[in-house]
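Okay, here's what each chain looks like letter by letter:
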Amino acid sequence: MLHVSSLTKRFGERTAVDNISFTVDRPCMIGVIGRSGAGKSTLLRMMNRLADASDGSITYEGREITGLKGALRREWQSRCAMIFQQFNLVPRMDVVSNVLHGTLNKRSTFATLFNLYPQSDIHRAIEILDRLGIAEHASKRAEALSGGQQQRVAIARALMQDPDIILADEPIASLDPMNAQIVMDALRRIHEEDGRMVVCNLHTLDTARRYCDRVIGMRDGRIVFDGEPDALTTTAARDIYGAGDDFSEGATSTQIEALDRTELAAAAYA
Ligand SMILES: Nc1ncnc2c1ncn2[C@@H]1O[C@H](COP(=O)(O)OP(=O)(O)OP(=O)(O)O)[C@@H](O)[C@H]1O
Ligand SMILES: [Mg+2]
(Lines give C-alpha, C1' and ligand atoms only; values in the text may rest on other atoms or scores of the structure.)
(Ligands and ions follow the chains in the order given, each with its own letter.)
Protein backbone atom coordinates (compact mmCIF):
# COMPACT_ATOMS: atom_id res chain seq x y z
CA MET A 1 0.00 0.00 0.00
CA LEU A 2 2.82 2.43 0.87
CA HIS A 3 5.97 2.32 -1.17
CA VAL A 4 8.97 4.53 -0.48
CA SER A 5 11.60 4.28 -3.15
CA SER A 6 15.12 5.78 -3.21
CA LEU A 7 13.84 8.73 -1.21
CA THR A 8 16.46 11.43 -0.69
CA LYS A 9 16.49 14.86 0.90
CA ARG A 10 19.44 17.20 0.60
CA PHE A 11 19.91 20.49 2.43
CA GLY A 12 22.76 22.12 0.53
CA GLU A 13 25.78 19.89 1.02
CA ARG A 14 24.09 17.82 3.69
CA THR A 15 22.07 14.72 2.86
CA ALA A 16 19.47 14.35 5.62
CA VAL A 17 17.73 11.31 4.09
CA ASP A 18 19.91 9.26 1.84
CA ASN A 19 18.34 6.99 -0.77
CA ILE A 20 15.98 5.04 1.48
CA SER A 21 13.42 2.47 0.36
CA PHE A 22 10.80 0.43 2.18
CA THR A 23 7.37 -1.01 1.54
CA VAL A 24 4.42 -1.31 3.92
CA ASP A 25 1.89 -3.85 2.68
CA ARG A 26 -0.62 -3.73 5.52
CA PRO A 27 -1.58 -1.10 8.08
CA CYS A 28 0.82 -1.69 10.95
CA MET A 29 2.46 0.34 13.66
CA ILE A 30 5.98 1.30 12.69
CA GLY A 31 8.58 2.85 14.95
CA VAL A 32 11.35 4.86 13.38
CA ILE A 33 14.33 5.08 15.71
CA GLY A 34 17.78 6.59 15.56
CA ARG A 35 19.80 9.23 17.26
CA SER A 36 19.41 12.94 16.84
CA GLY A 37 20.08 14.08 13.27
CA ALA A 38 19.52 10.61 11.77
CA GLY A 39 16.82 11.98 9.45
CA LYS A 40 13.66 10.72 11.18
CA SER A 41 11.73 14.01 11.12
CA THR A 42 12.80 14.75 7.56
CA LEU A 43 11.46 11.36 6.47
CA LEU A 44 8.08 11.98 8.11
CA ARG A 45 7.89 15.51 6.72
CA MET A 46 8.44 14.19 3.22
CA MET A 47 5.79 11.53 3.70
CA ASN A 48 3.30 14.18 4.80
CA ARG A 49 4.53 16.54 2.05
CA LEU A 50 5.50 19.24 4.52
CA ALA A 51 8.89 18.93 2.83
CA ASP A 52 9.63 18.15 -0.80
CA ALA A 53 11.89 15.25 -1.66
CA SER A 54 15.09 15.99 -3.55
CA ASP A 55 14.91 12.60 -5.25
CA GLY A 56 12.97 9.36 -5.20
CA SER A 57 9.28 8.67 -4.79
CA ILE A 58 6.50 7.80 -2.38
CA THR A 59 3.42 6.02 -3.64
CA TYR A 60 0.29 5.17 -1.66
CA GLU A 61 -2.19 2.70 -3.12
CA GLY A 62 -0.53 3.13 -6.48
CA ARG A 63 -0.71 6.90 -6.46
CA GLU A 64 2.35 9.11 -6.62
CA ILE A 65 2.51 11.39 -3.57
CA THR A 66 5.80 13.22 -4.05
CA GLY A 67 4.56 15.40 -6.92
CA LEU A 68 1.11 16.38 -5.59
CA LYS A 69 0.39 20.10 -5.66
CA GLY A 70 -2.26 22.51 -4.34
CA ALA A 71 -5.59 20.95 -3.43
CA LEU A 72 -4.34 17.41 -4.12
CA ARG A 73 -1.44 17.93 -1.77
CA ARG A 74 -3.80 19.21 0.95
CA GLU A 75 -6.10 16.27 0.39
CA TRP A 76 -3.16 13.93 0.92
CA GLN A 77 -2.20 15.80 4.08
CA SER A 78 -5.62 15.13 5.53
CA ARG A 79 -5.39 11.40 4.72
CA CYS A 80 -2.00 11.36 6.35
CA ALA A 81 -2.32 13.32 9.60
CA MET A 82 0.70 14.44 11.55
CA ILE A 83 1.24 14.99 15.24
CA PHE A 84 4.27 16.67 16.79
CA GLN A 85 6.37 16.68 19.93
CA GLN A 86 5.13 20.17 20.85
CA PHE A 87 1.43 19.36 20.17
CA ASN A 88 0.98 22.46 17.93
CA LEU A 89 -2.37 23.40 19.44
CA VAL A 90 -3.75 26.94 19.62
CA PRO A 91 -3.09 27.49 23.36
CA ARG A 92 -5.78 30.08 24.07
CA MET A 93 -8.49 28.32 22.11
CA ASP A 94 -10.75 25.76 23.77
CA VAL A 95 -10.14 22.05 23.32
CA VAL A 96 -13.14 21.33 21.06
CA SER A 97 -12.25 24.16 18.69
CA ASN A 98 -8.71 22.83 18.51
CA VAL A 99 -10.07 19.41 17.58
CA LEU A 100 -12.45 20.91 15.02
CA HIS A 101 -9.45 22.49 13.36
CA GLY A 102 -8.83 18.98 12.04
CA THR A 103 -11.66 19.51 9.58
CA LEU A 104 -10.14 22.72 8.25
CA ASN A 105 -8.99 21.23 4.97
CA LYS A 106 -12.55 20.28 4.14
CA ARG A 107 -14.30 23.55 4.95
CA SER A 108 -14.85 26.79 3.08
CA THR A 109 -12.91 29.93 3.97
CA PHE A 110 -16.19 31.56 4.95
CA ALA A 111 -17.10 28.85 7.45
CA THR A 112 -13.58 28.90 8.84
CA LEU A 113 -13.57 32.67 9.21
CA PHE A 114 -16.72 32.69 11.28
CA ASN A 115 -15.99 29.52 13.21
CA LEU A 116 -19.08 27.81 11.84
CA TYR A 117 -18.97 24.12 12.50
CA PRO A 118 -21.78 21.70 11.69
CA GLN A 119 -23.41 20.13 14.79
CA SER A 120 -22.42 16.70 13.52
CA ASP A 121 -18.74 17.72 13.55
CA ILE A 122 -19.05 19.03 17.09
CA HIS A 123 -20.62 15.74 18.22
CA ARG A 124 -17.91 13.78 16.53
CA ALA A 125 -15.20 15.91 18.15
CA ILE A 126 -16.70 15.20 21.58
CA GLU A 127 -16.94 11.49 20.81
CA ILE A 128 -13.30 11.37 19.84
CA LEU A 129 -12.29 13.28 22.98
CA ASP A 130 -14.36 10.84 25.00
CA ARG A 131 -12.62 7.91 23.40
CA LEU A 132 -9.30 9.42 24.44
CA GLY A 133 -10.54 9.96 28.00
CA ILE A 134 -10.51 13.77 27.92
CA ALA A 135 -14.09 14.76 26.99
CA GLU A 136 -14.57 16.50 30.33
CA HIS A 137 -11.90 19.05 29.34
CA ALA A 138 -13.67 19.91 26.07
CA SER A 139 -14.51 23.49 27.01
CA LYS A 140 -11.20 24.37 28.68
CA ARG A 141 -8.47 26.30 26.96
CA ALA A 142 -5.84 23.99 25.52
CA GLU A 143 -3.12 25.71 27.58
CA ALA A 144 -4.89 24.70 30.81
CA LEU A 145 -4.27 21.00 30.13
CA SER A 146 -1.25 18.89 31.07
CA GLY A 147 1.19 17.86 28.35
CA GLY A 148 -0.23 14.35 28.10
CA GLN A 149 -3.76 15.72 27.80
CA GLN A 150 -2.66 18.23 25.17
CA GLN A 151 -1.05 15.50 23.13
CA ARG A 152 -4.32 13.56 23.27
CA VAL A 153 -6.10 16.69 21.99
CA ALA A 154 -3.62 16.74 19.11
CA ILE A 155 -4.39 13.07 18.43
CA ALA A 156 -8.12 13.88 18.51
CA ARG A 157 -7.54 16.68 15.99
CA ALA A 158 -5.71 14.20 13.74
CA LEU A 159 -8.55 11.65 14.10
CA MET A 160 -11.06 14.32 13.12
CA GLN A 161 -9.57 14.10 9.61
CA ASP A 162 -10.34 10.36 9.59
CA PRO A 163 -6.86 9.69 8.22
CA ASP A 164 -5.55 6.42 6.76
CA ILE A 165 -2.14 7.14 8.22
CA ILE A 166 -1.02 8.89 11.40
CA LEU A 167 2.52 10.19 11.45
CA ALA A 168 3.82 11.04 14.89
CA ASP A 169 7.10 12.90 15.29
CA GLU A 170 8.43 12.16 18.77
CA PRO A 171 4.94 12.35 20.31
CA ILE A 172 6.17 11.50 23.80
CA ALA A 173 9.51 13.31 23.90
CA SER A 174 8.11 16.14 26.06
CA LEU A 175 6.12 13.91 28.42
CA ASP A 176 6.84 12.17 31.68
CA PRO A 177 6.83 8.35 31.62
CA MET A 178 3.23 8.06 32.79
CA ASN A 179 1.84 10.40 30.16
CA ALA A 180 4.15 8.85 27.58
CA GLN A 181 2.45 5.52 28.23
CA ILE A 182 -1.06 7.00 28.03
CA VAL A 183 -0.26 8.61 24.67
CA MET A 184 1.44 5.51 23.24
CA ASP A 185 -1.46 3.32 24.43
CA ALA A 186 -3.85 5.67 22.62
CA LEU A 187 -1.88 5.46 19.38
CA ARG A 188 -1.70 1.68 19.62
CA ARG A 189 -5.45 1.44 20.21
CA ILE A 190 -6.16 3.69 17.24
CA HIS A 191 -4.06 1.39 15.11
CA GLU A 192 -5.66 -1.82 16.40
CA GLU A 193 -9.27 -0.71 16.58
CA ASP A 194 -9.45 1.48 13.48
CA GLY A 195 -6.88 -0.28 11.33
CA ARG A 196 -4.98 2.93 10.67
CA MET A 197 -1.30 2.85 9.86
CA VAL A 198 0.80 4.60 12.51
CA VAL A 199 4.36 5.70 11.85
CA CYS A 200 6.01 7.01 14.96
CA ASN A 201 9.45 8.58 15.40
CA LEU A 202 10.84 7.58 18.74
CA HIS A 203 14.06 8.32 20.50
CA THR A 204 13.97 5.27 22.62
CA LEU A 205 14.33 1.62 21.88
CA ASP A 206 12.15 0.21 24.63
CA THR A 207 9.08 2.17 23.48
CA ALA A 208 9.55 0.97 19.90
CA ARG A 209 9.90 -2.62 21.11
CA ARG A 210 6.86 -2.41 23.27
CA TYR A 211 4.39 -0.78 20.89
CA CYS A 212 5.50 -1.36 17.31
CA ASP A 213 5.08 -4.29 14.92
CA ARG A 214 8.01 -3.14 12.87
CA VAL A 215 11.05 -1.05 13.61
CA ILE A 216 13.01 1.00 11.11
CA GLY A 217 16.41 2.08 12.41
CA MET A 218 18.03 5.08 10.78
CA ARG A 219 21.58 6.28 10.96
CA ASP A 220 23.06 9.19 9.00
CA GLY A 221 20.03 9.33 6.72
CA ARG A 222 20.10 5.63 5.84
CA ILE A 223 18.08 2.63 6.97
CA VAL A 224 20.38 0.32 8.93
CA PHE A 225 17.66 -1.91 10.39
CA ASP A 226 14.20 -2.88 9.20
CA GLY A 227 12.41 -5.73 10.90
CA GLU A 228 10.35 -7.00 13.79
CA PRO A 229 11.22 -5.75 17.27
CA ASP A 230 12.37 -9.27 18.23
CA ALA A 231 15.09 -9.10 15.62
CA LEU A 232 16.46 -5.96 17.19
CA THR A 233 19.46 -7.40 19.00
CA THR A 234 21.89 -5.38 21.08
CA THR A 235 24.32 -5.53 18.15
CA ALA A 236 21.68 -4.11 15.78
CA ALA A 237 20.82 -1.41 18.32
CA ARG A 238 24.49 -0.52 18.70
CA ASP A 239 24.68 -0.14 14.95
CA ILE A 240 21.64 2.17 14.84
CA TYR A 241 22.89 4.38 17.63
CA GLY A 242 26.50 4.23 16.46
CA ALA A 243 27.58 3.28 19.98
CA GLY A 244 30.56 1.32 21.23
CA ASP A 245 30.78 -1.86 23.31
CA ASP A 246 29.69 0.02 26.40
CA PHE A 247 26.25 0.63 24.84
CA SER A 248 23.37 -0.19 27.14
CA GLU A 249 19.71 -0.07 26.24
CA GLY A 250 19.03 1.68 29.53
CA ALA A 251 20.54 4.81 28.01
CA THR A 252 17.67 4.97 25.53
CA SER A 253 14.91 4.09 27.93
CA THR A 254 11.75 6.08 28.72
CA GLN A 255 11.08 3.83 31.71
CA ILE A 256 7.50 3.26 30.66
CA GLU A 257 7.68 -0.27 32.00
CA ALA A 258 8.44 0.88 35.51
CA LEU A 259 5.00 2.38 35.95
CA ASP A 260 2.18 1.17 38.05
CA ARG A 261 -0.95 0.43 36.00
CA THR A 262 -3.35 1.62 38.68
CA GLU A 263 -1.59 4.94 38.94
CA LEU A 264 -1.95 5.22 35.19
CA ALA A 265 -5.63 4.50 35.05
CA ALA A 266 -6.18 7.08 37.76
CA ALA A 267 -4.22 9.69 35.81
CA ALA A 268 -6.02 8.99 32.56
CA TYR A 269 -9.38 9.76 34.02
CA ALA A 270 -8.40 12.37 36.59
N1 LIG B 1 15.52 22.78 7.23
C2 LIG B 1 16.74 22.27 7.33
N3 LIG B 1 17.80 22.91 6.81
C4 LIG B 1 19.05 22.40 6.90
N5 LIG B 1 19.33 21.22 7.45
C6 LIG B 1 18.33 20.52 7.99
C7 LIG B 1 16.98 21.01 7.95
N8 LIG B 1 16.18 20.09 8.56
C9 LIG B 1 17.00 19.10 8.95
N10 LIG B 1 18.29 19.35 8.61
C11 LIG B 1 19.44 18.47 8.87
O12 LIG B 1 19.11 17.19 8.42
C13 LIG B 1 19.59 16.19 9.31
C14 LIG B 1 18.45 15.30 9.76
O15 LIG B 1 17.56 16.06 10.58
P16 LIG B 1 16.23 15.50 11.21
O17 LIG B 1 15.60 16.63 11.90
O18 LIG B 1 15.48 14.80 10.16
O19 LIG B 1 16.81 14.44 12.24
P20 LIG B 1 16.05 13.65 13.40
O21 LIG B 1 16.43 12.22 13.26
O22 LIG B 1 14.62 13.97 13.36
O23 LIG B 1 16.73 14.23 14.72
P24 LIG B 1 16.07 14.50 16.18
O25 LIG B 1 16.04 13.16 16.84
O26 LIG B 1 17.03 15.44 16.82
O27 LIG B 1 14.73 15.09 15.98
C28 LIG B 1 20.28 16.92 10.44
O29 LIG B 1 21.65 16.96 10.16
C30 LIG B 1 19.70 18.31 10.36
O31 LIG B 1 20.62 19.24 10.82
MG1 LIG C 1 13.31 14.86 14.70
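Right above here is the structure, for reference.
Residues numbered from 1 in each chain as written. Chains lettered and ligands numbered in written order. Predicted model: local features only at pLDDT ≥ 70, side-chain atom pairs only at ≥ 80, totals over all residues.

**A look at the environment of Leu89**
Examined against the element boundaries, Leu89 turns out to sit in the loop between β6 (80-84) and α3 (95-100). Residue class for Leu89 comes out buried when judged on the 22 C-beta atoms lying within 10 Å of it. Among residues more than four places away in sequence, those in contact with Leu89 are Asn98, Ala142, Gln150, Val153 and Ala154. (Helix = DSSP H or I, 4+ residues; strand = E, 2+ residues; numbered from the N terminus. Buried ≥ 20, exposed ≤ 12 C-beta atoms within 10 Å, placed from the backbone. Contact = placed C-beta atoms within 7 Å.)

**Some remarks on the site of ligand 1**
If you check the shell around ligand 1, you find Phe11, Arg14, Ala16, Gly34, Ser36, Gly37, Ala38, Gly39, Lys40, Ser41 and Thr42 and nothing else. Every element with two or more residues in the shell around ligand 1 is listed here: β2 (14-24) and α1 (40-47). The greatest single-element share of the shell around ligand 1, amounting to three residues, is contributed by α1. The residue inventory of the shell around ligand 1, partitioned by class, reads three nonpolar, six polar and two charged. (Near = placed C-beta within 6 Å. Nonpolar A, V, L, I, M, F, W, Y, C, P; charged D, E, K, R; others polar.)

**Re the environment of Lys69**
In this structure, Lys69 sits in the loop between β5 (63-64) and α2 (70-79). For the pair Lys69 and Arg49, spaced 20 residues apart in sequence, the C-alpha separation works out to 9.4 Å.

**Considerations on the sheet that holds strand β4 (residues 55-60)**
Strand order in this open sheet of four strands is β2-β1-β4-β5, and the pairing throughout is antiparallel. Since the sheet does not close on itself, it has two edges, and those belong to β2 and β5, each with one partner. Here strand β1 (residues 2-11) runs beside β2; their pairing, made up of seven bridges, is antiparallel. The partner of His3 across the bridge, within β2, is Thr23. (Pairing = 2+ DSSP bridges.)

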